[in-house]
Amino acid sequence: MPDYRSWESSTEEKLIFFAAVLAGAVFLAWLFYDEPLVSPVLAAVLLSLRPRVSALLIRRRQSRLLLQFKDLLYSLSALMTAGRSLAQGLTESLDFWQGTYTEDDLIMRELGEMDRRMREGGERDLDLIRDLAMRSGSEDIADFALACETCKRTGGDFAGAVRRGAEIIGDKIALEKELAAMAAQKRFEGRIISAAPLLIIFFIRLLSPEYMYPLYHTQSGRMVSTLALILIGAGFLLLERMNEIEI
């Protein structure tokens, strides 16, 4: 099963990323330098953004897993209140969410693997939950695993602990959605601001190319273009960093 703390790109994803980098490098080389030979240098700079792209994809996948795990807690709570054990609850949750999630959804793949390992390998339910908590990198899932282990060791209210865990994670997700909506608006505004200079230069290039001649054919003009490109890129990264909110 995947480690949600890292991202392994598929061949298709790698091709899409490299195609986007190449297209971006060619466009920027044409826009700022009118010189295609600059494209490899710009492509190398854009390739350095790959860790940020991977981090974004990791956060999105972890968020999706946590949202689906919250739904799993509700089904576990209902099943355990009806007298099922944790292992039975994990197995029966596969059928419980069959109409809501597809086999390709993260939580269904995790439940299918847990069911297989319990049947074929005789592994304990708590060990499987602890393994998911470790791979997910989520404090909420880790706290749930710890609560399950404590309840089982001390004979506490297992169903109550599951129900309370679902409530806490649900409240956190609701807060995250509110913050994400505000951050998305600010991020969109920041990207418009970052893209505005590129659009201005693009339309000037199309409508009045002779106006851009000094930038493309003089040493000082190339220095100004380079400085402008650096400032635009730095401003974009700074705005993106300011809008990263973690709970």
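Residues numbered from 1 in each chain as written. Predicted model: local features only at pLDDT ≥ 70, side-chain atom pairs only at ≥ 80, totals over all residues. Heavy atoms only, no water.

Quick look at the packing of helix 7 (residues 139–154) against helix 8 (residues 158–207) now. For the pair helix 7 and helix 8, the least separation of the axes is 10 Å and the interaxial angle reads 165°. Considering the angle they form, helix 7 stands roughly antiparallel to helix 8. The handedness of the crossing between helix 7 and helix 8 comes out as right-handed. Between helix 7, through Asp140, Phe144, Cys148, Cys151 and Lys152, and helix 8, the contact on the second element is made entirely by Phe158, Ala161, Val162, Ile169 and Lys172. (Axes fitted to C-alpha atoms, helices over the stretch in contact; angles between N-to-C directions. Helix = DSSP H or I, 4+ residues; strand = E, 2+ residues; numbered from the N terminus. Parallel < 35°, antiparallel > 145°, perpendicular 65-115°, else oblique. Left-handed = near helix turned anticlockwise from the far one by under 90°. Contact = heavy atoms within 4.5 Å.)

Let's shift gears to the packing of helix 6 (residues 125–136) against helix 7. In the contact formed by helix 6 and helix 7, the axes pass within 8 Å of each other and the chain directions differ by 160°. Judged by the inter-axis angle, helix 6 sits roughly antiparallel to helix 7. When you trace helix 6 past helix 7, the crossing you get is left-handed. Seen from helix 6, the contacting residues are Asp125, Leu126, Ile129, Arg130, Leu132, Ala133 and Ser136; seen from helix 7, they are Ile141, Ala142, Phe144, Ala145, Cys148, Glu149 and Lys152. Of the residues in the contact of helix 6 with helix 7, the class split is nine nonpolar, one polar and four charged. (Nonpolar A, V, L, I, M, F, W, Y, C, P; charged D, E, K, R; others polar.)

In terms of nonpolar packing, the biggest core is built from 35 residues, with Phe69, Leu73, Leu76, Leu86, Leu90 and Phe144 touching the most fellow members. Broken down by element, this core gets its largest block of residues, seven residues, from helix 3 (residues 50–81). Discounting residues that sit within four places of it in the chain, Leu86 has contacts with Leu76, Met80, Asp125, Leu126, Ile129 and Phe158. Counting residues in hydrophobic clusters, the runner-up holds 15 residues, among them Ala25, Tyr33, Met212 and Leu229. (Core = buried A, V, L, I, M, F, W, Y, C linked by side-chain atoms within 4.5 Å. Buried < 20%, exposed > 50% of the residue type's maximum accessible area, 1.4 Å probe, protein only.)

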